[in-house]
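Understanding the architecture of this molecule
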Amino acid sequence: TIRLSVVVHITASSLAWPKSAEGWERSLGLLEEALERDGPFDGVLGFSMGAAASALLCAAIESKKVQNHEQFKFAILFGGFVPRDPVLADSLLSVKLGLPSLHYSGQNDQLVVEQRSRELLQSFGEEESTFVLHPQGHCIPSLREVREKVKEFVAAQQSICTTSNK
């Protein structure tokens, strides 16, 4: 069984639009509490600000800012981006995560354009990352080819996922 952490509660609404990271430390604390309470998890999945927060969480684990959870084995990110805040961007881009990642970006996404999603690949590494454009906008598409690709990606990670259920 693969355990997947889905980042859904983010108090730092400033991750995407204003150039301030106000609230991120509190959000990171809440995520850390969830990891401790409900983990461990094999992978992380996020959408939009949740994808940015998922990447920042991976960076915080890698840099030992979060110590109660091993690094995720993989990440799946829809409409993700590097935050505009320079401190958060640096904390993300200065770390090489080296974990397999699947990134989706919508061809018609007006909120997080393709280039912003591609910037996130810098943290994960070209060799470990797969970037896919889907024909929709800012969403987690419910298209058969997307579902199949995600299932295929997760199945490929099965051998490196050793987390057991609590």
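That block above? That's the structure.
An account of the accompanying structure is given in this report. (Residues numbered from 1 in each chain as written. Predicted model: local features only at pLDDT ≥ 70, side-chain atom pairs only at ≥ 80, totals over all residues. Heavy atoms only, no water.)

**Points about the overall build of the protein**
To keep it simple, the criterion reads: Strands here are runs of E lasting at least two residues and helices are runs of H or I lasting at least four, both read from the DSSP assignment and numbered beginning at the N terminus. Using a 1.4 Å probe on the protein chains alone, a residue whose accessible area is under 20% of its type maximum counts as buried, one over 50% counts as exposed, and one in between counts as partly exposed. Pairs of residues are marked as contacts when any of their non-hydrogen atoms sit within 4.5 Å. Using the Shrake-Rupley algorithm and a 1.4 Å probe, accessible areas are obtained, with residue cover drawn only from the displayed protein chains.
The number of helices and strands found in the protein is 6 helices and 5 strands. In the protein, the order of α-helices and β-strands from amino to carboxyl end is β-α-β-α-β-α-β-α-α-β-α. Buried residues in the protein amount to 48% of all 166 residues. Of the contacts formed within the protein by residues at least 6 apart in sequence, a portion of 80% connects residues at least 24 apart. Of the roughly 8300 Å² that the protein leaves accessible, carbon and sulfur atoms contribute 51%.

**Section: the nonpolar core**
Short version of the rule: By nonpolar core we mean a set of buried residues, namely Ala, Val, Leu, Ile, Met, Phe, Trp, Tyr and Cys, connected to one another through side-chain atoms within 4.5 Å.
Residues L57, F72 and F124 are the most contacted members of the largest nonpolar core, which totals 28 residues. Of all elements in the fold, only α1 (24-38), α2 (49-62), β3 (74-78) and α3 (86-93) reach the threshold of two or more residues within this core. No other element matches α2, which puts 9 residues into this core. Other than its neighbours up to four places away in sequence, L57 contacts W24, L28, L31, L35, V66 and F72. Grouped together as the second largest cluster of nonpolar side chains are 11 residues, F78, V146, V150 and F153 included.

**Some words on the environment of V44**
Counting through the fold element by element, V44 comes out in strand β2 (residues 43-47). The exposure class of V44 is buried, given its relative accessible area of 0%. Once the C-alpha coordinates of V44 and S54 are considered, the two residues, 10 residues apart in sequence, prove to be 6.6 Å apart.

**A short note on α1**
Our working definition: The length a helix should cover is 1.5 Å for every residue beyond the first. The arc in question is formed by the directions pointing from the helix axis toward the C-beta atoms.
Taking 1.5 Å per residue, 15 residues should reach 21 Å; α1 reaches 21 Å between its end C-alpha atoms and fits that length. Taken as a whole, α1 has its buried residues at W24, S27, L28, L31 and L35. With its buried residues spanning 100° around the axis, α1 presents them on a single face. For α1, exposure combined with an orientation more than 90 degrees from the buried face picks out E25, R26, E36 and R37.

**Some words on the packing of aromatic side chains**
How two aromatic rings sit relative to each other is given by the distance of their centres and the angle of their planes. Note the following rule: Here is the rule: rings of Phe, Tyr and Trp (six-membered ring for Trp) pair when centre to centre is within 6.5 Å. Planes less than 30 degrees apart are stacked, more than 60 are edge-to-face, and the remainder are tilted.
Inspection of every chain in the model, using the stated rule, returns 2 aromatic pairs. Each ring, one from F74 and one from F153, has its centre 5.9 Å from the other, and the planes form 80°; the classification is edge-to-face. Residue F74 is found in strand β3, and its partner F153 is found in helix α6 (residues 144-157); the two are separated by 79 residues along the sequence. Judged on exposure class, the residue F74 and its partner F153 are both buried. With a centroid separation of 5.1 Å and an interplanar angle of 10°, the aromatic rings of F78 and Y104 are classed as stacked. Of this pair, F78 sits in strand β3 while Y104 sits in strand β4 (residues 101-106), and the two are 26 residues apart along the sequence.

**Considering the pattern of salt bridges**
Under the convention used in this document: One side-chain nitrogen of Lys or Arg within 4 Å of one carboxyl oxygen of Asp or Glu is enough to make a salt bridge.
The tally for this structure, following the rule as stated, stands at 5 salt bridges. A salt bridge links D38 to R37; the shortest N-O distance between them is 3.2 Å. According to the relative accessible area criterion, D38 is partly exposed, its value standing at 34%. The exposure class of R37 is exposed, given its relative accessible area of 54%. Of the charged contacts, one joins K151 and E148 as a salt bridge, the two residues approaching to 3.4 Å between their closest N and O atoms. Of the two residues, K151 and E148 are both situated in helix α6; the distance of 3 residues between them amounts to about one turn of the helix. Residue class for K151 comes out exposed when judged on its relative accessible area of 53%.

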